[in-house]
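What follows is each chain in one-letter form.
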Amino acid sequence: MAIEVHDVHKRFGDFAALSDICLRVEPGSLGAVLGPSGSGKSTLLRVIAGLEQPDSGRVLIGGRDVTREPPQRRGVGFVFQHYAAFKHMTVRDNVAFALRIRRRAKPEVLARVDELLALVRLEGLADRYPGQLSGGQRQRMALARALAAEPQVLLLDEPFGALDARVRAELREWLRRLHDEVHVTTLFVTHDQQEAMEISEQVVVMNEGGVEQVGTPRELYEHPRTEFVMSFVGEVNRVGERFVRPHEVQLLPQSDAGSREGFIDRVLHLGFEVRVGLTLDDGDQVWSQTTRERADELELEVGQIVPVRLGGGRVFA
Amino acid sequence: MALGAARGRRLPRPGGAALSRGLIALYLSLLVLLPVAAVVAKGAERGPRALWEAIAQHEALTALALTVAVSVVVVAVNVVFGTLIAWVLVRDSFPGRRLVDGVIDLPFALPTIVAGLTLLALYGPQGPVGINVAFTRGAVLLALLFVTLPFVVRSVQPVLRELDRSMEEAAASLGAGPWTVFRRIIAPNLTPAIVSGAALSFARALGEFGSVVLITGNLPNRTEVASVYVFGQIQSDNVVGAAAVSTSLLAIALVVLLVLGLLDGRRRRA
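Small disclaimer: the values here were computed from a predicted structure and weren't measured.

**So, the nonpolar core**
Phase 1 of the analysis: Counting residues in hydrophobic clusters, the biggest one holds 52 residues, and the most contacted among them are A:F86, A:F97 and A:L155.
Phase 2 of the analysis: Core analysis: the next-biggest nonpolar cluster, separate from the first, contains 45 residues, A:L143, A:F160, A:F188 and A:V233 among them.

**What about the pattern of salt bridges?**
Phase 1 of the analysis: Taken as a whole and judged by the stated rule, the model has 38 salt bridges over all chains.
Phase 2 of the analysis: The salt bridge partner of A:D192 is A:R172, with a shortest N-O separation of 3.4 Å. Taken as a pair, A:D192 in the loop between β8 (185-190) and α6 (193-199) and A:R172 in helix α5 (residues 165-182) lie far apart in primary sequence, 20 residues in all.
Phase 3 of the analysis: B:R49 is paired through a salt bridge with B:E53; the nearest N and O atoms lie 3.6 Å apart. Within this pair, B:R49 and its partner B:E53 are both found in helix α3 (residues 47-55), separated by four residues, close to a single helical turn.
Phase 4 of the analysis: The exposure class assigned to B:R49 is exposed, which follows from its relative accessible area of 64%.

**A word on the sheet that holds strand β16 (residues 285-291) of chain A**
Residues and elements named next belong to chain A.
Phase 1 of the analysis: Pairing is antiparallel across the open sheet formed by five strands, whose spatial order is β13-β17-β14-β15-β16. The open sheet has two edge strands with one neighbour each: β13 (249-251) and β16. For this sheet, the mean angle separating the axes of adjacent strands, direction not counted, is 45°.
Phase 2 of the analysis: Sheet topology note: the strand β14 (residues 260-270)/strand β17 (residues 305-310) ladder contains four bridges and is antiparallel. Residue pairing for β17: E261 is matched across the bridge by P307.

**Some remarks on the domain arrangement of chain A**
Residue and element names in this part refer to chain A.
Phase 1 of the analysis: In terms of domains, chain A is made up of domain 1 (3-75 + 151-230), domain 2 (87-146) and domain 3 (237-315).
Phase 2 of the analysis: The straight-line distance from the C-alpha centre of domain 1 to that of domain 3 is 36 Å.
Phase 3 of the analysis: Domain 1 puts six residues into the contact, and the matching count from domain 3 is six residues.
Phase 4 of the analysis: Interface area for domain 1 against domain 3, summed over the two sides, is near 610 Å², with a carbon-plus-sulfur share of 51%.
Phase 5 of the analysis: Its largest share of buried area at the contact with domain 3, domain 1 owes to Y221, E227 and M230, together 87% of the area lost on that side.
Phase 6 of the analysis: Our enumeration of links across domain 1 and domain 3 arrives at one salt bridge.
Phase 7 of the analysis: The partner of R238 in a salt bridge is E227, with the nearest N and O atoms 3.5 Å apart.
Phase 8 of the analysis: Seen at the junction of domain 1 and domain 3, the total is three residue pairs in polar contact (both at pLDDT 80 or more).
Phase 9 of the analysis: Of all the secondary-structure elements, those providing two or more residues to the side of domain 1 that touches domain 3 are α7 (217-222) and α8 (227-232).

**Focus on the sheet that holds strand β5 (residues 64-65) of chain A**
Residues and elements named next belong to chain A.
Phase 1 of the analysis: Spatial ordering of the open sheet is given by β2-β1-β4-β5, a layout of four strands whose pairing is antiparallel. A strand with exactly one partner marks an edge of an open sheet, and here the two such strands are β2 (15-25) and β5.
Phase 2 of the analysis: By the bridge criterion, five bridges tie strand β1 (residues 3-12) to strand β4 (residues 56-61) in an arrangement that is antiparallel. Directly across from H6, in β4, lies its bridge partner R58.

**Notes on the interface of chain A and chain B**
Phase 1 of the analysis: Contacts between the two partners involve 21 residues from chain A, matched on the other side by 20 residues from chain B.
Phase 2 of the analysis: When chain A packs against chain B, close to 1800 Å² is buried across both sides, 63% of that on carbon and sulfur atoms.
Phase 3 of the analysis: At the junction of chain A with chain B, the criterion picks out one salt bridge.
Phase 4 of the analysis: For the pair chain A and chain B, the number of links is five residue pairs in polar contact (both at pLDDT 80 or more).
Phase 5 of the analysis: Residue assignment for the side of chain A that touches chain B shows that the elements contributing at least two residues are β6 (76-79), α2 (91-100) and α4 (135-147) of chain A.
Phase 6 of the analysis: Sort the elements by how many residues they give to the side of chain A that touches chain B and α2(A) lands first, with three residues.
Phase 7 of the analysis: Among the residues forming the side of chain A that touches chain B, the class breakdown is 14 nonpolar, two polar and five charged.

Cut-offs applied
Residues numbered from 1 in each chain as written. Chains lettered and ligands numbered in written order. Predicted model: local features only at pLDDT ≥ 70, side-chain atom pairs only at ≥ 80, totals over all residues. Heavy atoms only, no water. Core = buried A, V, L, I, M, F, W, Y, C linked by side-chain atoms within 4.5 Å. Buried < 20%, exposed > 50% of the residue type's maximum accessible area, 1.4 Å probe, protein only. Salt bridge = Lys/Arg side-chain N within 4 Å of Asp/Glu carboxyl O. Helix = DSSP H or I, 4+ residues; strand = E, 2+ residues; numbered from the N terminus. Pairing = 2+ DSSP bridges. Axes fitted to C-alpha atoms, helices over the stretch in contact; angles between N-to-C directions. Domains from an automatic or database assignment. Contact = heavy atoms within 4.5 Å. Buried area = accessible area lost by both parts, 1.4 Å probe. Polar contact = N/O pair within 3.5 Å; in protein donor to acceptor, adjacent residues only side chain to side chain. Nonpolar A, V, L, I, M, F, W, Y, C, P; charged D, E, K, R; others polar.

Given below as structure tokens:
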């Protein structure tokens, strides 16, 4: 089912949380909403789920106008950053909740719950309470719970935000694979550009309550339409009016036409990648990203002065 | 016990665990156990037969029955209205909310005899509202409701304030309407607080004296509650009778608290 958002506005007092949002999420796709905190991305998700009412505009799910429908009639699965586990129920009862309130037959409920617990790999923990689970397990339980009633749409609000880096990486990969199996239209919110680009096919970049750009991760990185997208998606150096990616700052064995001089401030060895901090002749500070082999060839050291070529780069009006 | 081993690793408590435990035991003994034991001993002084006969007095029995019955009604009303008041104070915002919140504690702050006097002035024979409940069983109920108002409100309020709203949102997104959300998500999370508030108001209602003594008129077999009966027996020098009814009150309170404790324990294990 497609999600469509038309001209949605939402204010909290004087603060414009969403202004003039238009968006379409294709059926069965896995999309990300990316933006810094306060950009309105969570509000947008909550408007789609019906947890907030927009001041104006419409929300359509699968072609049906649900703008005035309460959350319980939208067929939406929602996953919260802090799990929102029903802490007075076992894992099994949490997952069964949506089925039980629909008065499904008991054997059917139990079978479905077992199936879902297997899907999120919590089979052995069905009789535990949420308080006895780790953060990652609680979030997987929340996912199983959201999927139980076979929602048309799955919405995840910073689902991995409260987890540590290793668990996050695991769950990202796992969500990706889960989506390949379940194929429900999925939209998730994150402030982590790497997470957005790793998981989704389509990324919506938001800033100050508006949509800056929508595109594939590659489009956003290579053809950012605004200064904000350029600097928020991927890393960037600012040289005068120009924006240059770190991998476009090339260090040369000898100077040539168009090259400039840079003073090496720092050299960081990050495994395969080496990052070099430079001060250019006119005082601009930039990062250069290069491979280990290249760095070894050039014998880079702090205090050296090296020729630098700034390739590519973009200027925004 | 790993007490000795634990001492090395944990922060030492002043005086150590054994001393603080002993201190608590002594304090509770002096304050609670000894007086309670003394009452029971006084009641049983002339043997269990005399004790039973003192309780089985018609006047004593009706006083006890009235006290327990009214206390049960008080608890039922408090559970409903106390929860409702807590809900409105936490979830709604309206002008004067803080004032209402402050008023809840008034029955605590007021000396109970003053509360009784106020109720008598308002709902008595010369009351300005034209409702006269003085010297009726309604007056007992009214006085007890007044003094027990804060218990359920104040025990539910903080729990409701801390309740994770996203639980309710999650339930709604899973298809639950407002009533289902209340019944399956909010109510189970409030139950322990409601029960403890109810237990406190029951205990208080059982032993309340000051607020009822003026407005109920203490008519034997009609509006006389157990605590007033005890007071009357002491005044007419029937110490055994007084102690016997006191012992009964004690036993009722103990049974109620035990049952609630057991229920709570079962809920925790579940």
